[in-house]
Structures are given as structure tokens and as C-alpha cells.
Amino acid sequence: MSNPSKHTDYGKVVRIQIPSNPSFVSHTRNYFFNLCLEHGFSLYDSMDLKLVIGEAITNIIRHAYSGRTNKPIFIEIQFDKDRVEIKLRDYGLKVEPKDLRSFDVSDYREHGIGLFMIRELTDYYFLDQSFEIGNQMVLIKRK
């Protein structure tokens, strides 16, 4: 249950929907990078977050949607004075925990180290699979 005394400042929330087409990854990463700079994140943190959101979107396309390019990806970004919270929601396949790559860089497998980068470049991450359909990844980065 949400905290009734805490009100969302919708002036600091950005919600977008993109198709699961790889051609939208670069545009979304650049848009997000600029938003981070405008909300007081350092150049380095903004670059880190640009990489993180690109990896998260790519993972949704590759794993949740099995490469299909016509499925929705919903992104919600909420800026607070000391952090940003990012939620990426898909309606694709649930990822089996055994299929997730290790968070250890030495466990490099065929497709790379996306989850390792997400872990290293954010302060908090969580893959919420409580939905009947799909997944939601929550990422938090403090300034």
C-alpha cells in the first residue's frame, strides 16, 4: 500500500512508450542522458545511466520479446532531488532466474555483461516478476 502522506510530483515524472525495435534504443538512451544532465546528475553519472537504460531495453528486446520488434516497452523515470528511479515494464516472457547471467564479470557468456553493468552502475536494482504477464525492472541511482 502506498504512503498517503507522500505525493508524487508529476512535474518530475517522465513516462514514455517505445516499440521493442532496436532502432529506438539509441534515441531513448540519448533522451534519458539529457534528462539526467538537466536534473543535476554529473556527466559521468549521466553516461552511466545512459549505458544502463540501453542495456535494460536491449535485454527486454532480446529476452522478454525474443527479438520481436512490435511489442511495447514502457519506461517511467522519476527524478527526486537526490536520486532517479527508473522502471522498465514489458509484457513479454518471464525470465527464469536460472537463465540470468551471473553478476560476476568472470562469468562472461555468449551475450555479454548487461546485468553486471546494471548492478555496478546503479545503487539499487530489482526485477519484479509479480505481474501475471511480463516483468518490471526497477533501477535507482543516487546523485
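Predicted model only: the values in this text are computed from it and were never measured. Numbering of residues starts from 1 in every chain and runs along the sequence as written. A pLDDT threshold of at least 70 governs which residues receive local features in this predicted model, and a stricter bar of 80 or more applies before side-chain atom pairs are shown or counted, although totals over entire chains, interfaces and linings include all residues. Values shown for side chains rest on all heavy atoms present in the structure; no hydrogens or waters enter the calculation.

S.K.: Before we move on, can you summarise the overall build of the chain with the specific residues and values?
M.R.: Only DSSP runs of H or I covering at least 4 residues are called helices, and only runs of E covering at least 2 are called strands; the numbering of each starts at the N terminus. Within the chain, the secondary structure is distributed over three helices and five strands. Along the chain, helices and strands appear, N-terminal first, in the series β-α-α-β-β-α-β-β. Within the span of the chain, comprising 143 residues, buried residues form 39% of the whole. Using a 1.4 Å probe, accessible areas were evaluated by the Shrake-Rupley method; residue-level cover was limited to the displayed protein chains. Accessible surface computed for the chain: about 8,600 Å², of which carbon and sulfur atoms make up 52%. Residue burial is assigned from relative accessible area. The probe radius is 1.4 Å, only protein chains are included, and a residue is buried under 20% of its type maximum, exposed over 50%, and partly exposed in between.

S.K.: Please provide a residue-by-residue account of the side chain of Thr122, values included.
M.R.: Residue position: Thr122 is located in the loop between helix 3 (114–121) and strand 4 (124–128). By definition, residues are in contact when any of their heavy atoms lie within 4.5 Å. For Thr122, the residues in contact, after removing those within four places along its chain, are Val52, Leu139, Ile140 and Lys141.

S.K.: Go over unusual backbone geometry with me, naming the residues and quoting the values.
M.R.: Not every positive phi belongs to a glycine, and Ser66 is a case in point at roughly 50°. Within the fold, Ser66 resides in the loop between helix 2 (43–64) and strand 2 (72–80).

S.K.: Which residues make up a nonpolar patch on the surface, and what values do they have?
M.R.: Patch membership requires more than 30% relative accessible area and the absence of a salt bridge. Residues of like charge join within 9 Å; the nonpolar side chains Val, Leu, Ile, Met, Phe, Trp and Tyr join within 5 Å. Throughout this description, the term salt bridge denotes a Lys or Arg side-chain nitrogen within 4 Å of a carboxyl oxygen of Asp or Glu. Together, Leu37, Leu43 and Met47 make up a nonpolar patch on the protein surface, roughly 250 Å² of accessible area in all. Mapped onto the elements, Leu43 comes out in helix 2.

S.K.: Mind laying out the nonpolar core, listing which residues take part and the relevant values?
M.R.: Residues belong to a common nonpolar core when they are buried Ala, Val, Leu, Ile, Met, Phe, Trp, Tyr or Cys residues joined through side-chain atoms within 4.5 Å. With 29 residues, the main nonpolar core has Ile57, Ile73, Ile75, Ile77, Ile86 and Leu88 as its most contacted residues. Put simply, the parts of the chain that give this core at least two residues each are strand 1 (13–19), helix 1 (25–38), helix 2, strand 2, strand 3 (83–90), helix 3 and strand 5 (135–142). In terms of residue count, helix 2 provides more of this core than any other element does, eight residues in total. The residues contacting Ile57, other than those within four sequence positions of it, are Ile18, Val25, Thr28, Ile73, Ile75 and Leu88.

S.K.: Lay out the side chain of Asp90 in plain terms, naming residues and giving numbers.
M.R.: Mapping Asp90 onto the fold places it in strand 3. Working convention for charge: Lys and Arg count positive, Asp and Glu count negative, and His plus the chain ends are omitted. The buried charged residue Asp90 lacks any salt bridge, with Arg89 as its nearest oppositely charged partner at 5.1 Å. Counting of polar contacts relies on pairs of N or O atoms within 3.5 Å, with two restrictions inside protein: one atom must be capable of donating a hydrogen and the other of accepting it, and residues adjacent in sequence are counted only when both atoms are side-chain atoms. In terms of polar contacts, Asp90 uses its side chain to reach the backbone amide nitrogen of Gly92, at 2.9 Å.

S.K.: Tell me about the packing of helix 1 against helix 2, and name the residues and values.
M.R.: At a minimum axis separation of 9 Å, helix 1 and helix 2 run at an interaxial angle of 150°. Classified by the interaxial angle, the pair formed by helix 1 and helix 2 is roughly antiparallel. Helix 2 is crossed by helix 1, and the crossing has right-handed handedness. Taking contact as the criterion, the partners of Val25, Thr28, Arg29, Asn30, Phe32, Phe33, Cys36 and Leu37 in helix 1 are, on helix 2, Leu43, Ser46, Met47, Leu49, Lys50, Leu51, Ile53, Gly54, Ile57, Thr58 and Ile61. Here the nonpolar group is Ala, Val, Leu, Ile, Met, Phe, Trp, Tyr, Cys and Pro; Asp, Glu, Lys and Arg are the charged ones; every other residue, Gly included, is treated as polar. Looking at the contact of helix 1 with helix 2, its residues break down into twelve nonpolar, five polar and two charged. Lines fitted to C-alpha atoms define the axes here, with helix axes fitted over just the stretch in contact, and angles between the N-to-C directions of these axes take values from 0 to 180 degrees. We call two directions roughly parallel when the angle between them is under 35 degrees, roughly antiparallel when it is over 145, roughly perpendicular when it lies between 65 and 115, and oblique otherwise. The sense of a crossing depends on the near helix, which, turned anticlockwise from the far helix by less than a right angle, makes the crossing left-handed and, turned clockwise, makes it right-handed.

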